[in-house]
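Structural characterization, general
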Protein chains: 2
Amino acid sequence: MRNAEFDKEKVLRAAMHAFLTKGYAKTSMQDLKKATGLHPGSIYCAFENKRGLLLAALEQYRLDRSAEFEQFFSASESTLVNLKSYLDNVVAECISCDNTQACLMTKALNEIAEQDEEIQKVISQNLSTLQLAFAEKFEQAKQEKTIGVEKDTGHLARYFLMGIYGLRTFAQTHPQEHELKQLAEQLYQDVLR
Amino acid sequence: MRNAEFDKEKVLRAAMHAFLTKGYAKTSMQDLKKATGLHPGSIYCAFENKRGLLLAALEQYRLDRSAEFEQFFSASESTLVNLKSYLDNVVAECISCDNTQACLMTKALNEIAEQDEEIQKVISQNLSTLQLAFAEKFEQAKQEKTIGVEKDTGHLARYFLMGIYGLRTFAQTHPQEHELKQLAEQLYQDVLR
DNA sequence: CTCTTTCTTGAATGTGCATTCAAGATACTC
DNA sequence: GAGTATCTTGAATGCACATTCAAGAAAGAG
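Residues numbered from 1 in each chain as written. Chains lettered and ligands numbered in written order. Predicted model: local features only at pLDDT ≥ 70, side-chain atom pairs only at ≥ 80, totals over all residues. Heavy atoms only, no water.

Quick look at the overall build of chain A now. Of regular secondary structure, chain A possesses nine helices and zero strands. Ordered by position from N to C terminus, the α and β elements of chain A give α-α-α-α-α-α-α-α-α. Over its C-alpha atoms, taken along the principal directions, chain A stretches across nearly 60 × 40 × 30 Å. In chain A, buried positions account for 50% of the 193 residues. Look at the contacts in chain A between residues 6 or more apart in sequence, and 67% of them connect residues 24 or more apart. Total accessible area on chain A stands at roughly 9,200 Å², and carbon and sulfur atoms take up 50% of it. (Helix = DSSP H or I, 4+ residues; strand = E, 2+ residues; numbered from the N terminus. Buried < 20%, exposed > 50% of the residue type's maximum accessible area, 1.4 Å probe, protein only. Contact = heavy atoms within 4.5 Å. Areas by Shrake-Rupley, 256 points an atom, 1.4 Å probe, with all protein chains shown as cover.)

Encoded structure:
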């Protein structure tokens, strides 16, 4: 017997970074070897192939982002304040102009989902889960009486998510702090209204 | 003497379609040959290389979208009504689930801009121009007194564009007519407010 | 009709890549 | 400490691809 030597989480986060920096197609096994420290054979042993590594990286990304989400909403503030913090964090990521802070889901969605049904499905599910999580938070805000009871929390979640997608895309060509903050502020206001 | 036989616009639109369907990296010269009807040699003669073909396709896309934009705003309605028509058209494109109706600018932005400064620049310029065009339309609406004089038309344009980006991304995982129309409707209302 | 110029053709080239695999290394078992 | 099972290594493989190029075709000039 003998156990694998590498730390799967670390490897997957390194792969995430590589894919986020160069995109899936342009990230070669060479790049992945350099990024993860794993030799081709090990990668193929652990993840079947490059596509398998992407799928595993997507799953790790989901876990990480999910934990981050819970972090934001476990703060001792009202749900709406936490929501604003979450949004501000998105803006901060945009301003940093650091590709590795982008969203791997939407990045992969754009590049490959159309060509690969399984990946499309995985990404759709993950984004649906996020949407649902937002809806729950809006439902919570309703109970905290910070938004009206007549609100369609499903719609609010969709609109909020749409705003985040838009913000991230917009920032890719115009990463100006003031403008992005203004956009986020209006998005937040519009969701509350 | 002898003139080139192919119709450059047709070729570029075919290339656009190919790139929109498979993405840049996964579109092989084989695919481009099939799509455009041009043999490799001709493509290299006319556009230098695959990257040159993409740049030319991006330019053609800009021209086509620009003409389409003018179409919408030359309708004999108020500027705001025309703006709503434009937005409804975006939604219709999203609902169609036809990749070739997606935005080549944002698609290319996601896949390659980070790796290629020139392409990044070209796309940024084109999207800035679109943003400016929207700002002008909002300015026009101001003069038509359909939006308040105190509005920051630059901000409105950015918010509207952000919404369109978000809508398009959202539709990639949830192309449901009712939801998209609802999102577009709120976006329109929020811009007017 | 001939010559010249330019365009078209598509097979050939070489490169870069994902993937494989057999030899070597390491840890665990008894 | 010998044996075995599993992991690691990285060079070898073969394929797919972008790009080139020389021969062939067509158009215009004179």
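Turning to the interface of chain B and chain A, a few remarks are in order. The interface of chain B with chain A comprises 41 residues on the first partner and 41 residues on the second. Taking both sides of the interface into account, the surface hidden between chain B and chain A amounts to around 4,200 Å²; carbon and sulfur atoms contribute 52%. Linking chain B to chain A there are six salt bridges. Our enumeration of links across chain B and chain A arrives at 18 residue pairs in polar contact (both at pLDDT 80 or more). Among the elements of the structure, α1 (8-22), α6 (104-111), α7 (117-143), α8 (153-173) and α9 (177-192) of chain B are those that each provide at least two residues to the side of chain B that touches chain A. Looking at the side of chain B that touches chain A element by element, the count peaks at 13 residues for α8(B). (Buried area = accessible area lost by both parts, 1.4 Å probe. Salt bridge = Lys/Arg side-chain N within 4 Å of Asp/Glu carboxyl O. Polar contact = N/O pair within 3.5 Å; in protein donor to acceptor, adjacent residues only side chain to side chain.)

The next point concerns unusual backbone geometry. Notably, Glu48(A) is not glycine yet its phi reads approximately 75°, a positive angle. Structurally, Glu48(A) can be placed in the loop between α3 (40-47) and α4 (50-73). By relative accessible area, which is 62% here, Glu48(A) ends up exposed. With a phi close to 55°, Cys97(B) is a non-glycine residue in the positive phi region. Checked against the element boundaries, Cys97(B) lands in the loop between α5 (79-96) and α6.

As a further point, take the packing of helix α6 (residues 104-111) of chain A against helix α7 (residues 117-143) of chain A. All names here are of chain A. The geometry of α6 relative to α7 is characterised by a closest axis approach of 10 Å and an angle of 145° between their N-to-C directions. Crossing angle aside, the handedness with which α6 passes α7 is left-handed. Where α6 abuts α7, its residues Met105, Ala108 and Leu109 lie against Gln120, Ile123, Asn126 and Leu127. Across the contact of α6 with α7, the residue classes break down as five nonpolar, two polar and no charged. (Axes fitted to C-alpha atoms, helices over the stretch in contact; angles between N-to-C directions. Left-handed = near helix turned anticlockwise from the far one by under 90°. Nonpolar A, V, L, I, M, F, W, Y, C, P; charged D, E, K, R; others polar.)

All right, on to α8(B) then. All names here are of chain B. Relative to the 30 Å expected for 21 residues at 1.5 Å per residue, α8 spans 31 Å between its end C-alpha atoms, a close match to the ideal helical length. Within α8, 20 of the 21 residues are buried, which leaves the element mostly enclosed by the surrounding structure. For α8, the N-terminal cap is Asp152; the gap from its side-chain oxygen to the backbone nitrogen of Gly154 is 3.0 Å. (Expected span 1.5 Å × (residues − 1).)

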